[in-house]
Structures are given as C-alpha cells and as structure tokens.
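Each chain is listed here by its residues.
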There are 2 protein chains.
Amino acid sequence: MSPVDDFQVYDTTLRDGAQQEGLALTVADKLAIARHLDDLGVGFIEGGWPGASPKDTEFFRRAQTELELRHATLAAFGSTRRAGVRAADDPLVAALRDSQAPVVTLVAKSHALHVEKALRTDLAEGLAMLRDTVTHLRAEGRRVFVDAEHFFDGYRYDPQYALEFVRVAAESGAEVVALCDTNGGLLPDELTDTVHAVLQGSAAKLGIHCHNDAGCAVANTLAAVEAGATHVQGTLNGYGERTGNADLVTIVANLELKKRMKLLQGTGLVEATRVAHAVSEITNIPPYARQPYVGSSAFAHKAGLHASAIKVDPDLYQHTDPSYVGNDMRLLVSEMAGRASVELKGRELGYDLSGDRVLVTRLTDRVKAMEAQGYTFEAADASFELLLLEEVEGRRRSWFDVESWRVAVDSRGNAHSEAVVAEATVKVHAGGARHAAIGEGNGPVNALDAGLRQALRTAYPVLDGFELVDYKVRIVDAGNGTGTGALTRVLITTSDERGETWTTVGVGANIIQASWEALVDALSFGLLRAGVPAAG
Amino acid sequence: MSPVDDFQVYDTTLRDGAQQEGLALTVADKLAIARHLDDLGVGFIEGGWPGASPKDTEFFRRAQTELELRHATLAAFGSTRRAGVRAADDPLVAALRDSQAPVVTLVAKSHALHVEKALRTDLAEGLAMLRDTVTHLRAEGRRVFVDAEHFFDGYRYDPQYALEFVRVAAESGAEVVALCDTNGGLLPDELTDTVHAVLQGSAAKLGIHCHNDAGCAVANTLAAVEAGATHVQGTLNGYGERTGNADLVTIVANLELKKRMKLLQGTGLVEATRVAHAVSEITNIPPYARQPYVGSSAFAHKAGLHASAIKVDPDLYQHTDPSYVGNDMRLLVSEMAGRASVELKGRELGYDLSGDRVLVTRLTDRVKAMEAQGYTFEAADASFELLLLEEVEGRRRSWFDVESWRVAVDSRGNAHSEAVVAEATVKVHAGGARHAAIGEGNGPVNALDAGLRQALRTAYPVLDGFELVDYKVRIVDAGNGTGTGALTRVLITTSDERGETWTTVGVGANIIQASWEALVDALSFGLLRAGVPAAG
C-alpha cells in the first residue's frame, strides 16, 4: 500500500502542543518525548519550527544522530515563503529543507480575510506563496504536507478561495492537505458538509486538525474521518494553546476500539497510558486525572452503587476494558464508597475482610471521618493499609515513639540571594533506647526526613535503603463546612532499594506538620513491608 | 408556554458531579453552590439523593428555609421502588417525597441486561417498578423526570425493552425521559439514529445525559439536541465520576452563541466564568485552565505569531468574544512570546513601551531567562510589573533592606498529636532605622509574613491593611534540561483593604525560601500600588 492510501496518525505535541500555557521544553525534553511518541506507534512526529525557533533548529540537528525512530517519520513545520520573495531565497524555507526532516508541513492561510488582513497581500500572491513553496520543497526531495490554516472559517467566508487553495496544494505535490479549525469554534454538524464539499471539489487526500475551544475537538476529528478524511492530527494529553489541540490518544483509541481500525504501529494502544504519563513527567504539567482512557480517574469507580455492580461484572459500568489502553480499573476509597469499595480495596491489598462486617463498617466510618478532616486515601494506599491494619489489630503498630522534633530555616541577606540553611533536631525512642539526631537539608522537609532517619538507623538499618522520591503539596479546606482554617495536605512517595514505591498522606495546619505525619507513616510502612517487627 | 414545551437546562453538579474523585462537599458547600447555579440561570438543580445520603437529606431540609432560588427549580434524585415492594411502602421513595423538592428525578435501568444482572429481577417487574414509582409520586403532587440509565447500550442490547421503558415512563406521567450514556462510551454518530428512533417510537419529551469517557460528552449532547432532545443535563466544570459529566457551560455556550438559542435565565451566560471559578473555590478542586469558554487559558494567546495578529484584530484568533461568557483575552508573557507579547502585556499594565525596542528586548530576555529557572509570570502579574519597572528604571525599587530572617517550627509528642508552634525572627532596615520583629503563626510561612509585616509597620503603616489571601505551591523542575534539582515555586495572592488583589511568584530550593521571595515582592508591590515612595 502506498503511503497516500494509508491512514495517517500525525502528532504535533512538540510544535502545536508546545504552545500550551505553562509548557517550556528543552531540546533534551523534545528528544525524549519523540522517543515516547515513537513507542506509541504514531506515523508522524512534527518536531518543531526550525529556523523560526533556535531550539527547534537544534532539535532537528541533534535528531539526525540522537533519534532512532522505529515507526515514526519526522516532520518539520513552517510557513510558506514570504510575499514577494522567491521560495529558493527565503531563509525560513531553507531552514525547513536543512532540517533534513523527510516531511515538511507547511502552514498557509486558506482564509481569504487572513490573507488580506494578516499577510496584507492579494489572493493571487497568497496562492502563489503556497504553490511556489510546495513545488520548491518537492524539487528538493521532501514529502510535503500542507496545513490549511483557518480552513473552515475561511470556507464559510470565501469558499472559492478555500477550495482553490486545496487544489493548488494538491496539484503542486502536497501529499495531504490538513483542514485546520484554527480558532477551535467549530461544531461537528458544521464540519461534515464542508469536508464532503472539499472531497468533491478536489482530488486531495484530506487531513483534519482541531482545537478544543468548543469542547468538540475529538468529535470534530471523528466526524471528519467519517466524512472521508484519512489523516488525523492531535497532541498527547491534548496539549496546545488556549483550550488545547485534539487529544491524539482519545481519537486513536476511539477509532481503534470502537471503529475497529488498526492505526498505531508496534505494540500500539496498550502503551497509551504509560506514554501519556511519561510525557507529562517530562513536560512537568500535572496529568489531568479525568482525561479519557489514560487519566488516573478514567476507570476509577467511586459511587458505592457502582462498586457493588462491578463486583458482579466490570463491564456493567465500563465502556471498554482499561487494559486495552494500558490503564487499570480502580476502586476509590472515599466517603461516597460504601462497605463494598472498602472491602474490595482491602482485597486488592491482600486482606480478606469479607467475613467481618463490623470491621468493614468501622473502617469505612474511620475513612469517612478522616476524609472529612482533609485526608485523602485515594492516592495514598500505604496510609490506607496502616489504617486497615489498625482496625484489624485493634491498635496502630508502631516502630518508634517520637519525643519531639524541631526544624529551623535560616537566611542571611536580601531576598534575592541564596544560601539558606535548614536544620532539624529529632528525638525518638526505638529499639529500647533514646536517640537524638540532627538532620540537615536544602529545606525543612528534607532536614526532618534526614533527622528522623538518622535517629532511627541504629534500631532499623533497613531505613538506609529508603529514599523520598516524590512530594506533593496541596492547600485544602478543613472541610468543617464553614470555609475557615485552611489545612495543608502532603503526599510523600518513598522508594526502597529495589525501586518499589509507596505513598503516604499527612494533613496539618502547616506544611511542616503535614509532612512530618506523612514521613512517620512512610517510614513505618516501609518497615512493615520489610517485615520488621513492631515495637512493644 | 407550558413547561413541557420549554428547552430545559438541568444541572446535576450536586449529585452526579459530586461523584468525582477528590470532591467532598458539606451541606453548606452544596447550598452555596446551588446559589451560584441559580445565578447562572439554569432551569433545574438536582440537589442530591435524600434518604440514601444523610447529607443530602439535610440539604433538602435546610434548602426549604435557607435557599431562595430566583430562577431554578430544585430536583431530588433517587431510584425507583425496590423489586417486590410497593412504592408507597418504600422508605427511599418516601424520602424523595419528603424532601419537598418540586421535581423528583428517578433513575431506573432501561438496559435489560442490567435489570437481570444488577437488579436480579425480571423485565416485567423492572417496568412495574418504574410505572408504580412515577405514578405514586405524581399522585403525591410532584413533577417527575426519569433518567433512563444505560439507555444507549440498552437500546443496542434490547431495543424493545428500552423503547417500552420510555413509553411506560411517559404514560405514567413523567415529564421528561433523559436518555443516559451512563458508561460514557458513545460516539456522536451512534447517538443520532437512536434518538430519532425513540422520538418516532414514543411521545415522550427527551433529555440527554452524557459522560466524557470517549471525549465526546459535549458533542453527544449537541447531537442529541439536533436530533430533537429538548432537555440537557450536565455539571459545572464537567465534574463527575471517572472522566466526568458533560460540561454544562460548554453545552449552553455552544447552543446560545453558535445556535442562537436563549437558554439561561437572568443575566445568563456572562456569569459563566465567575460562577465556574466560584464553584471551584468551594469544591477546592483546582480549576482546569484549558476548560472551554471559562478556563483561564481559554482565550490566552501565547505564540508570538498570534499576538502579532491579535494586535491587528482579536477575531483573527478567537472563535468568539470572551466577554460573552464573562472571560477575558490574555496575552501570556513567556519564552514563546516575542517582543509583541511583552509589549502588549506592558500596555495592559499601563506602560507604553512601544518607543523603546532595546528595552522590550532586554525585558523579554530577562523573562525567558527567569522562566528557564522555574519562574512563571503567566499567573503573577505583580512580579512581572516589578521586573518591568526594574528594566525601565535601571534598578529594582526597594522599600526595605533585609538583614536576616529565621523561622522555626517546634512540636512535642507523637506524630498524631497537634500543637506545633511556628516562630519567625525578621530583621530589616526601613525608614532610616533598623527593626527586628517576631512573627508567630500556624505555620512557617504565616510566621514569616507576620514577622516581616511587624518589622515594617512602623515605616509603612499601610501594610496593616494587606492580607495574604491565597497561596499555591508547586514542585517544579529546575528547567536546566537534566531533570536534577527540583525547586519549589510559590504563588502568593495578597489583598488590600478594598479587596483588590495582586499575585507574586517566588522560586527556591525549598518552600520557605520560595515563600520568602514571593512575600517580599508581595509587600513591595503593595507599597508601589499605594504610591509609597521607595527608599533611597
């Protein structure tokens, strides 16, 4: 099958996605993301705008030696030649060619009003800019895709120019013309007729590129495919300017799982959750829990009613099997959950509570009470397990007694200088003796962690292998219904020597107190896992 | 016009929305949210499930005296009578009636498989449960809506039962039958035919209730409306289980702005952004910046290219006027922004930099450099303005010199007891004298804030009117491309006596250091705004 007949999955995370508020990628980040996109099995990776962005020029340069793509083809994005300049003389067009990317994607204005107002030239020159640049790059041996910017608004404004644009692009040698809803305001019913008209009015292979300003980016993309488009563009995690681009994984998962189209290469869709989260680690943008398919909440069931039904048959409340996209079903322990959820959660952690209704009720009540005080167990399985054990055994296991702790942070000089010192003093009783230790760190929490560990290492040498690997802070309301008394909630993830991790939660009037609680539980749970007998 | 002919906007934030992971509302929260929903002008507010949820029973009780709704009608949600019990004898049905809500919305299974597997009864009894409960509540003087749970999957599985369900509901007196895509996996093309079939097969007024598991909740809702549904359900901010419910504001904004339907009462859509953010303050779920229409990024333009075009005409890159939904256009200052964005931002803040290209370039470079170190100015206009002034004036204005600061947090006892003490010592030079002050607080940041203010109040009495009103923390990567050295970034919002606020940013190796920087800038900016002359 020639490439033109193939359905093309085209990712623009590194270019359009990078226009998201809060996103700033280094070249190393972009190379790392490109590798993940290749793992996912997309057909094309739009790497950036070489020439216009020095960082992107560097990306394409380094990609030649550092990026080994197994599935995807690299594409360089840029604009057509400027008005009044020959394509061969335009330095930005040269940069596209010099990027060595096999594909060049040219964005050009297919909306007559934009040609006149934004480019400030006439329509004939607008088409010539397109024709000349496509022709030039084809002659230079590049495959050329064209992004028809503002296409749908442009078609409404001047359908003749818009159609002529598509024809000129195709006739000049563009392999695909992607119709872009650049402002994102299109609704699905408006799109279908336009795509049909364009397919009738030209011989071009059509692509679709949508934004989510009306909340319909995915639906618009699917509608275009149904109307005959054979090339879809989107970004991972829906990154992009304003409300973002169409979420590429959602599009592909819908088409693969519900329309039975095989679109990704390699292992494909089962990589989706891992890749989506890996990329969010690189972008440092917190993953959106409610994201379709790959979000941590996408298959998380909270209502007690749902949990009861799921005990009968998971399909009763799920639209697809989460494992198809590499995700899991999760049962949330929360105040809304009934005994069914708590019991199932206990089983997930290895405890069979089915025989003891009284225990399950008591545990459920404690969870609800603590959540009302700001705790969350949804992301802190280790804290939940300690609580469960406490209810099972009638008292909380303890490996040490804390006599006192104290932490101080010191600075000399003005606000914009550095060199703060954080020092903690921790006094505990463990292993039949009293230990007092000092901890130092780059901040109060690190200092407390160091101090607590130092104080306990004689009694519990296994602690030397533990490491604090993640730390999340959130200001929460006290939940007492009046809105007063904000609390701080901290989630700490700790790892052992084998790299296995567990997460604990702490709540307090300030970050230090909350962190301390989470730290104590983190070390306690680590000792539990390691099979170390509790004290007394 | 009788109510049946009206297009109905039905909000279920307080019931279905409350099933979102991380959301826990008190009764006071629910009453407050209901008032905001009423401000928005929705037709119906589903307040909860009285009887099943003690909190919701309380909500409906208190609503009778504490909730004065100008536009919306309250609805109580619940299930039909249990199998084998008379409606009049079922305590949960009684609770619905006793809630005194004018509307009762009954959820019942319209999917034959669910009737058999989850309810474990036969289809005849399934329909009888529906018929009896609707009839009973109508006889008790309530308006009745019916949510046909799992309708679309049920129609595919057993279309006869699904259609019979709708007929029975309508014939028993239900005013609306809302077809629910409970598992959320429906795609828009699949939905339209079903809605047509149901409209042809029954006389019921149809509603639509969608979830976002396939990323198509809004589009599905719009498709149903186009196919003839006249009642839409959704939640504010798309809250809900798993991937959430259809976002009600997005639905209504699309229908009002693009289909010219007038749906909301009162001032309507212009309240949308304010209401959406006010509700997220109550739920304490951070607002989603990329949310269509009301998100803080929804009309935020970053690409230098877009900023240049917007200088020409805002409509060139916006699908609608943000003021229609009470939102604003924002130009983001970021490394991607060119000089155009920085210049426009400066103008937004009242500085005309158009005459000084060198200055604008220098300021742009500083912004990029600082953002590479973890700062963000997108949400910290006050810090940006201080930076701008520094570039304009050649040096940073300063109202005080910091000699030193120190903060300590002390605790006695075990982790799960309370009573920590936070104390700060701050030494500054201001107003020609040296001041050393102590600050105490419930945490280190509060203590430092108190200490700094105490030290400065002799020189600057206006500080007494300032108050720290919001505080956000985030662990960020150092941005040096290697992934080492996590930093803490803090955003502090301060208000003056008139309630006007400004936000500053601080970055440091730990939360204390980052907070100190943001605090110093917060007070400095406050003094700038108050017109207090800088020192020396």
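Residues numbered from 1 in each chain as written. Chains lettered and ligands numbered in written order. Predicted model: local features only at pLDDT ≥ 70, side-chain atom pairs only at ≥ 80, totals over all residues. Heavy atoms only, no water.

Where an unreviewed UniProt entry is consulted, chain A appears under the name Citramalate synthase, with the organism given as Motilibacter rhizosphaerae. Listed under Sequence similarities (unreviewed entry) in UniProt, the entry text for chain A is "Belongs to the alpha-IPM synthase/homocitrate synthase family." Of the comments in the UniProt record for chain A, the one headed Pathway (unreviewed entry) reads "Amino-acid biosynthesis; L-isoleucine biosynthesis; 2-oxobutanoate from pyruvate: step 1/3." (UniProt positions renumbered as here; feature names shortened; annotations may be inferred.)

Q: I would appreciate a short explanation of the overall build of chain A in the present structure.
A: Assigned secondary structure in chain A consists of 17 helices and 16 strands. Taking all 536 residues of chain A together, 60% fall into the buried category. Considering only contacts in chain A between residues 6 or more positions apart, those separated by 24 or more positions represent 68%. With an accessible surface of roughly 19600 Å², chain A has 49% of that area assigned to carbon and sulfur atoms. (Helix = DSSP H or I, 4+ residues; strand = E, 2+ residues; numbered from the N terminus. Buried < 20%, exposed > 50% of the residue type's maximum accessible area, 1.4 Å probe, protein only. Contact = heavy atoms within 4.5 Å. Areas by Shrake-Rupley, 256 points an atom, 1.4 Å probe, with all protein chains shown as cover.)

Q: Sorry if this is basic, but what is going on with the sheet that holds strand S5 (residues 143-149) of chain A here?
A: Residues and elements named next belong to chain A. Spatial strand order, S1-S2-S3-S4-S5-S6-S7-S8: 8 strands in a closed barrel with parallel pairing. Taking the axes of each pair of neighbouring strands and ignoring which way they run, one obtains an average angle of 25 degrees across the sheet. Taken together, the 5 bridges between strand S6 (residues 176-181) and strand S7 (residues 206-210) define a ladder with parallel strand orientation. Counterpart to Ala-178 in the pairing with S7 is Gly-207. Packing against the sheet, helix H3 (residues 91-98) makes contact with strand S3 (73-79) and strand S4 (103-109), and its axis sits at approximately 180 degrees to S3. (Pairing = 2+ DSSP bridges. Axes fitted to C-alpha atoms, helices over the stretch in contact; angles between N-to-C directions.)

Q: Can you walk me through the sheet that holds strand S1 (residues 8-11) of chain B in this structure?
A: What links the strands of a sheet is backbone hydrogen bonding, and the strands pair in either a parallel or an antiparallel sense. All names here are of chain B. Ordered by their spatial adjacency, 8 strands build a closed barrel running S1-S2-S3-S4-S5-S6-S7-S8, and the pairing between neighbours is parallel. Adjacent strand axes in the sheet meet at a mean angle of 25 degrees, parallel and antiparallel pairs treated alike. Note that strand S3 (residues 73-79) and strand S4 (residues 103-109) share 5 bridges and pair parallel. Looking at the pairing, Ser-79 lines up with Val-107 of S4. Along the sheet, helix H9 (residues 217-227) contacts strand S6 (176-181), strand S7 (206-210) and strand S8 (231-234); its crossing angle with S7, the most-contacted strand, is approximately 170 degrees.

Q: Looking at this structure, how should I read the nonpolar core?
A: Inside soluble globular proteins, nonpolar side chains tend to come together where they are buried. A:Leu179 and B:Leu179 are the most contacted members of the largest nonpolar core, which totals 180 residues. Residues within four places of A:Leu179 in sequence aside, it is in contact with A:Ala148, A:Phe151, A:Phe152, A:Val166, A:Val195, A:Val198, A:Leu206, A:Gly207, A:Ile208 and A:His209. Core analysis: the next-biggest nonpolar cluster, separate from the first, contains 84 residues, A:Leu389, B:Leu456, B:Tyr460 and B:Phe466 among them. (Core = buried A, V, L, I, M, F, W, Y, C linked by side-chain atoms within 4.5 Å.)

Q: Help me out: how do you make sense of the packing of helix H14 (residues 357-372) of chain A against helix H15 (residues 381-393) of chain A in this one?
A: Packed helix pairs are specified by the crossing angle of their axes together with the interaxial distance, meaning the distance between the axes. All names here are of chain A. Running from N to C, H14 and H15 cross one another at 135 degrees; their axes reach a closest spacing of 10 Å. Between H14 and H15, the angle is such that the two are oblique. When the axes of H14 and H15 are compared, the crossing they make is right-handed. Listed contacts from H15 to Leu-359, Arg-362, Leu-363, Arg-366, Val-367 and Met-370 of H14 are Phe-384, Leu-387, Leu-388, Glu-390, Glu-391 and Val-392. (Parallel < 35°, antiparallel > 145°, perpendicular 65-115°, else oblique. Left-handed = near helix turned anticlockwise from the far one by under 90°.)

Q: What exactly am I supposed to notice about the domain arrangement of chain A here?
A: It is common to give the size of an interface as the accessible area lost on bringing the parts into contact. Along its sequence, chain A is organised into domain 1 (8-262), domain 2 (300-372) and domain 3 (400-459). For domain 1 of chain A versus domain 2 of chain A, the distance between C-alpha centres works out to 44 Å. (Domains from an automatic or database assignment.)

Q: Looking at this model, I keep getting lost on helix H2 (residues 54-66) of chain B. Mind explaining?
A: In an α-helix, one turn spans 3.6 residues, which is why side chains three or four residues apart end up on the same side. Over its 13 residues, H2(B) extends 18 Å from the first C-alpha to the last, a length consistent with the 18 Å expected when each residue adds 1.5 Å. Against the buried residues of H2(B) lie helix H1 (27-40), strand S2 (44-48) and S3 of chain B. (Expected span 1.5 Å × (residues − 1).)

Q: Would you take a moment to explain empty space enclosed by the protein for this structure?
A: The probe, sized like a water molecule, is rolled over the atoms to show the empty space still left. One pass over the structure, following the stated rule, counts 5 cavities of 30 Å³ or more. Roughly 540 Å³ of volume is contained in the largest cavity. Contributing to the lining of the largest cavity are 29 residues, with A:Asn212, A:Tyr288, B:Asn212, B:Tyr288 and B:Pro292 lying nearest its centre. Mapped by element, the contributors of at least two residues to the lining of the largest cavity are helix H9 (217-227) of chain A together with H9 of chain B. Of the residues belonging to the lining of the largest cavity, the class tally is 9 nonpolar, 16 polar and 4 charged. (1 Å grid on protein atoms, 1.4 Å probe; cavity = no way out; pocket = protein on both sides within 12 Å on 5 of 7 lines; lining within 4 Å. Points joined across faces, edges and corners; volume = space filled by probe spheres on them. Nonpolar A, V, L, I, M, F, W, Y, C, P; charged D, E, K, R; others polar.)

Q: Looking at this structure, I do not really get the packing of aromatic side chains. What am I missing?
A: By convention here, two paired aromatic rings are described through the distance between centres and the angle between planes. By the definition in use, this model includes 21 aromatic pairs over all chains. Ring geometry for B:Phe59 and B:Phe60: centres 5.2 Å apart, planes at 80 degrees, overall edge-to-face. Site record: aromatic cluster; members linked through ring pairs are A:Tyr10, A:Phe44 and A:Phe145. Here the basic side chain of A:Arg15 rests over the ring of A:Phe77, its NZ or CZ set 3.5 Å away from the ring centre. Above the plane of the ring of B:Phe59 lies B:Lys30, whose end atom (NZ or CZ) is 5.8 Å from the centre. (Phe/Tyr/Trp six-rings, centres within 6.5 Å; stacked < 30°, edge-to-face > 60°. Lys NZ or Arg CZ within 6 Å of the ring centre and 35° of its normal.)

Q: Help me understand H1(B) in this model?
A: Residue and element names in this part refer to chain B. Compared with the 20 Å implied by 1.5 Å per residue over 14 residues, the 20 Å span of H1 between its first and last C-alpha is a close match. Counting buried positions along H1 gives 10 out of 14 residues, so the element sits mostly inside the fold. Buried residues of H1: Val-27, Asp-29, Lys-30, Leu-31, Ile-33, Ala-34, His-36, Leu-37, Asp-38 and Leu-40, and no others. In this structure, the buried residues of H1 make contact with S1, S2, H2, helix H10 (248-259) and helix H11 (272-283).

Q: I'm lost on unusual backbone geometry in this one. Help?
A: What you tend to see is this: most non-glycine residues have negative phi, and most peptide bonds are trans. All names here are of chain A. At Gln-100, a residue that is not glycine, the phi angle is positive and equals roughly 70 degrees. By the element assignment, Gln-100 lies in the loop between H3 and S4. Owing to a relative accessible area of 45%, Gln-100 belongs among the partly exposed residues under this scheme. A positive phi is found at Arg-260, a non-glycine position, where the angle reads about 55 degrees. Following the sequence through the fold, Arg-260 ends up in the loop between helix H10 (248-258) and helix H11 (272-283).

Q: How should I be thinking about the pairing of strand S13 (residues 433-441) of chain A in this particular structure?
A: Sheet faces and side chains relate simply in a regular strand, where the side chains alternate between the two faces. All names here are of chain A. The sheet contact formed by strand S12 (residues 420-430) and S13 spans 9 bridges and is antiparallel. The partner of Ala-424 across the bridge, within S13, is Gly-439. Where S12 folds back on S13, the antiparallel hairpin that results is connected by 2 residues, among which Gly-431 adopts a positive phi of roughly 60 degrees.

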